[in-house]
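The lines below spell out each chain.
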Amino acid sequence: MGIEFPLYHINVQVLKNQKTVRVYTRGRFITGSLNWYHHPYFHDNLYLTAEWLMRHTRYNGFISEFSAGPGFSRTFLGGTTYRVDDNANISVIRLSGYNYALFTFGGGLGYDFTMKKHLPFSALAKMNIISMFPYNSTIYFRPVLELGIRYMPGMSIRKSVNESSVTSEHK
């Protein structure tokens, strides 16, 4: 689950011999997301990331994007964890786990339904690599596959024809 804030958005038209060859948009965003995964018999991981995202959307709706950014991870160990003190007293530790700094980067492909179908969402598949550190005195890399739907309120009414006005004066 996350949110993105647009920083930069530009529509690009590539012309060749006075005819439009390609139309696409480029955008830059700052995103924040709260993520979770479950590793059976090992741990659950809840992590928060802030990422710089670069997105390229073609006129037909095809999306490609790349993101990278820092984050914070908290793991919760699976099963029951016990602590034994110096007096041999045994106690249960609730919500046992570890805190990590992390860095994530990845790329994704998807389809923007606002471009042709005028629906306010897009679907995306994204492959990320999470690097958690220090992880047992080393750096730990974990691949993560994100599948998602991005809802964009207010984007259901998008003009399919760009309007422009040209003013010229003849003397």
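The rules behind these values
Along each chain, numbering runs from 1 in the same order as the chain's sequence is written. This being a predicted model, a pLDDT of at least 70 is required before a residue's local features are given, and a value of 80 or more before pairs of side-chain atoms are given or counted; all residues contribute to the totals for chains, interfaces and linings. Working from all heavy atoms in the structure, the side-chain values ignore hydrogens and water. The aromatic pairing rule takes the rings of Phe, Tyr and Trp, using the six-membered ring of Trp, and pairs them if the centres are within 6.5 Å, calling planes under 30 degrees apart stacked, those over 60 edge-to-face and the rest tilted. Summary of the burial criterion: residues with accessible area below 20% of their type's maximum are buried, those above 50% are exposed, and those between are partly exposed, where the area comes from a 1.4 Å probe applied to protein chains only. By definition, being over a ring means that NZ of Lys or CZ of Arg is both within 6 Å of the ring centre and within 35 degrees of the ring normal. The numbering of helices and of strands both runs from the N terminus, where a helix is a DSSP run of H or I of at least 4 residues and a strand a run of E of at least 2. We define a polar contact as two N or O atoms separated by no more than 3.5 Å, with the added condition that, inside protein, one atom must be a possible hydrogen donor and the other a possible acceptor, whereas residues neighbouring each other in sequence contribute only through side-chain atom pairs. Every residue pair with non-hydrogen atoms within 4.5 Å of one another is taken to be in contact.

Draft legend 1. Focus on the packing of aromatic side chains. Inspection of every chain in the model, using the stated rule, returns five aromatic pairs. Judged by centre distance (6.5 Å) and plane angle (40 degrees), the rings of Phe103 and Phe105 are tilted. For Phe103, a relative accessible area of 37% gives the class partly exposed. Given the relative accessible area of 35%, Phe105 is considered partly exposed. An aromatic cluster is defined as three or more aromatic residues linked by ring pairs; in this entry it consists of Tyr111, Phe113 and Phe121. One cation-aromatic arrangement involves Arg55 over Phe29; the distance from NZ or CZ to the ring centre is 4.4 Å.

Draft legend 2. Representation of the side chain of Lys126 in the model. Within the fold, Lys126 resides in strand 8 (residues 121-135). Classification of Lys126 by relative accessible area gives buried; the value is 4%. Looking at Lys126, its side chain comes within polar contact range of the side chain of Ser67, at 2.7 Å. When sequence neighbours within four positions are dropped, the list of residues in contact with Lys126 reads Glu51, Leu53, Glu65, Ser67, Gly107, Gly108, Val144, Leu145 and Glu146.

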